[in-house]
Amino acid sequence: MEYPARVMTIAGSAAGGSAGIQADLKTFQELDVYGMSVVTAIVGRHPKTNKNVHTLDIEAIEAQFATAVKQVGIDGLKTGMLFSKEVIDTVATLIEEADIKHIVVDPVMIGKMNSKLLKDDAIAALKEKLIPMASIITPNIPEASVLLDDRPIESVEDLKQAAIDLYNLGAKNVLVKGGRLEGPAIDALFDGKTLTTFKAPRIQTVNTSGAGCSYSAAIAALLAKGHSVQDAVYEAKRFITTAIEYGFSYTESVGPTYHAAERKYGVAHEIEVEEFNK
Ligand code: PXL
């Protein structure tokens with residue numbers, strides 16, 4: 001028997017199960033990779049105190065990583081919510097020492113419910129330490145905008161230019177996700193030479209909690225399975241588009257995407273790919 005590729009997520013725990021570590025592990029399972037996790041913080045709002053981000057000690061983060069490396073080993077990795085400069089510095093050091101082939105950095109900053117998932121003073125550390133180590137970074141428009149010193153991104157042309165300019169931060173590939181623009185959901189990938197766009201139809205739903213987490217987790221899983229970056233993004237985009245199509249909610253809250261959707265119901269929408277040489 002051939003063992004599945006080993007993929008780790010280093011991210012926050014999202015108690016509701018739609019985002020963060022929980023979304024990542026569900027995605028890993030759907031794509032048949034062996035999932036592991038390092039929890040950086042626990043997100044869950046206390047009904048009385050209103051506190052939403054409960055941090056963990058650096059020692060706890062290092063301990064989780066060391067255990068997974070010793071028991072299993074790592075082929076691919078994604079980072080999600082890291083919250084502080086200290087955590088980013090720690091994660092960068094751990095990754096460097098472990099010599100990991102595929103590294104997806106999802107520069108998570110703000111949650112769907114407006115939770116602050118990255119402190120302001122952590123952005124420099126993200127740019128200087130972690131992003132240059134990445135095989136691919138996957139910012140959405142607000143994140144790309146922050147990484148480009150608050151440049152507005154208001155059109156598909158802006159989106160493409162953002163991917164090209166963010167390449168200067170040192171990641172091998174940049175994927176800027178245009179889901180927040182109007183019209184079809186277009187994402188722009190730049191690898192230093194070719195700009196590729198991936199287009200899915202706009203799906204009318206509010207139930208997209210954890211979509212970004214799941215998308216980057218799918219990219220990490222597919223890279224670890226040996227797909228090229230372009231192909232990993234293509235298949236991950238298809239996976240998340242189908243998961244969004246079948247998104248749902250148990251309550252009045254914004255609900256999760258449905259990770260099992262592609263497996264259960266097949267591909268809901270084809271993804272259109274266009275390439276531009278730069
Ligand atoms: O969707 C962004 C996100 C990432 N990570 C954690 C979260 C959220 C959104 O709530 O809770 C842990």
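Residues numbered from 1 in each chain as written. Predicted model: local features only at pLDDT ≥ 70, side-chain atom pairs only at ≥ 80, totals over all residues. Heavy atoms only, no water.

Looking at an unreviewed UniProt entry, one finds the protein chain named Hydroxymethylpyrimidine/phosphomethylpyrimidine kinase and attributed to Pallidibacillus pasinlerensis. The record held by UniProt for the protein chain lists under Sequence similarities (unreviewed entry) the comment "Belongs to the ThiD family." (UniProt positions renumbered as here; feature names shortened; annotations may be inferred.)

J.: With reference to specific residues and values, describe the pattern of salt bridges.
T.: Applying the stated criterion across every chain, the model contains 13 salt bridges. Across the pair Asp165 and Arg151 runs a salt bridge, and its minimum N-O distance is 2.7 Å. Placement of the pair is Asp165 in helix H6 (residues 156-166) and Arg151 in the loop between helix H5 (141-147) and H6, with a sequence separation of 14 residues. Looking at Asp165, the relative accessible area reads 22%, which means it is partly exposed. Here Asp187 and Lys237 are joined by a salt bridge, their closest N and O atoms 3.0 Å apart. With Asp187 in strand S8 (residues 185-190) and Lys237 in helix H8 (residues 229-245), this pair connects stretches of sequence that are 50 residues apart. (Salt bridge = Lys/Arg side-chain N within 4 Å of Asp/Glu carboxyl O. Helix = DSSP H or I, 4+ residues; strand = E, 2+ residues; numbered from the N terminus. Buried < 20%, exposed > 50% of the residue type's maximum accessible area, 1.4 Å probe, protein only.)

J.: Tell me about the pairing of strand S7 (residues 174-177), and please be specific about residues and values.
T.: A two-sided burial pattern is seen for S7, the buried positions comprising Val174 and Val176 on one face and Leu175 and Lys177 on the other. Pairing geometry for S7 and S8, over four bridges, is antiparallel. Residue Val174 lies in a different strand from S8, and its bridge partner there is Phe190. (Pairing = 2+ DSSP bridges.)

J.: Report on the site of the ligand, specifying residues and quantitative values.
T.: Every residue near the ligand is listed here: Gly12, Ser13, Ala14, Ala19, Gly20, Val43, Met81, Val108, Gly111, Leu117 and Cys213. Surface burial for the ligand is 88%, taken as the share of its 310 Å² of free accessible area covered by protein chains. For the shell around the ligand, the element with the highest residue contribution is strand S1 (residues 6-14), accounting for three residues. Residue composition of the shell around the ligand, grouped by class: seven nonpolar, four polar and no charged. (Near = heavy atom within 4 Å. Areas by Shrake-Rupley, 256 points an atom, 1.4 Å probe, with all protein chains shown as cover. Nonpolar A, V, L, I, M, F, W, Y, C, P; charged D, E, K, R; others polar.)

J.: An account of the packing of helix H7 (residues 211-224) against H8 is needed here, citing residue identities and associated values.
T.: Close contact between H7 and H8 brings their axes to 8 Å; oriented N to C, the two are set at 140 degrees. Two packed elements cross with a definite hand, and for H7 against H8 that hand is right-handed. Here H7 contributes Ala211, Ser214, Tyr215, Ala218, Ile219, Leu222 and Leu223 to the contact with H8, which in turn contributes Val229, Ala232, Val233, Glu235, Ala236, Lys237, Phe239, Ile240 and Ile244. Among the residues making up the contact of H7 with H8, the classes are represented as 13 nonpolar, one polar and two charged. (Axes fitted to C-alpha atoms, helices over the stretch in contact; angles between N-to-C directions. Left-handed = near helix turned anticlockwise from the far one by under 90°. Contact = heavy atoms within 4.5 Å.)

J.: Can you explain the nonpolar core? Please cite residues and give values.
T.: Met8, Phe65, Leu77 and Leu130 are the most contacted members of the largest nonpolar core, which totals 48 residues. What Leu77 contacts, discounting residues up to four positions off in sequence, is Val7, Met8, Ile10, Phe65, Ile95, Ile100, His102, Ile103, Val104 and Ala220. (Core = buried A, V, L, I, M, F, W, Y, C linked by side-chain atoms within 4.5 Å.)

J.: Tell me what's going on with the packing of aromatic side chains, and back it up with residues and numbers.
T.: The tally for this structure, following the rule as stated, stands at five aromatic pairs. Look at Tyr258 and Tyr265: their rings are 6.4 Å apart centre to centre, the planes differ by 50 degrees, and that puts the pair in the tilted class. Given the relative accessible area of 44%, Tyr265 is considered partly exposed. Chaining the aromatic ring pairs together yields one cluster made of Tyr246, Phe248, Tyr250, Tyr258 and Tyr265. The ring centre of Phe276 lies 3.9 Å from the NZ or CZ of Lys160, which sits over that ring. (Phe/Tyr/Trp six-rings, centres within 6.5 Å; stacked < 30°, edge-to-face > 60°. Lys NZ or Arg CZ within 6 Å of the ring centre and 35° of its normal.)

J.: Summarise the side chain of Thr208; cite the residues concerned and give the values.
T.: Along the chain, Thr208 falls in the loop between strand S9 (194-200) and H7. The buried category is assigned to Thr208, whose relative accessible area is 19%. Not counting residues within four places of it along the chain, the set of residues in contact with Thr208 comprises Lys112, Ile244, Val254, Gly255 and Thr257.

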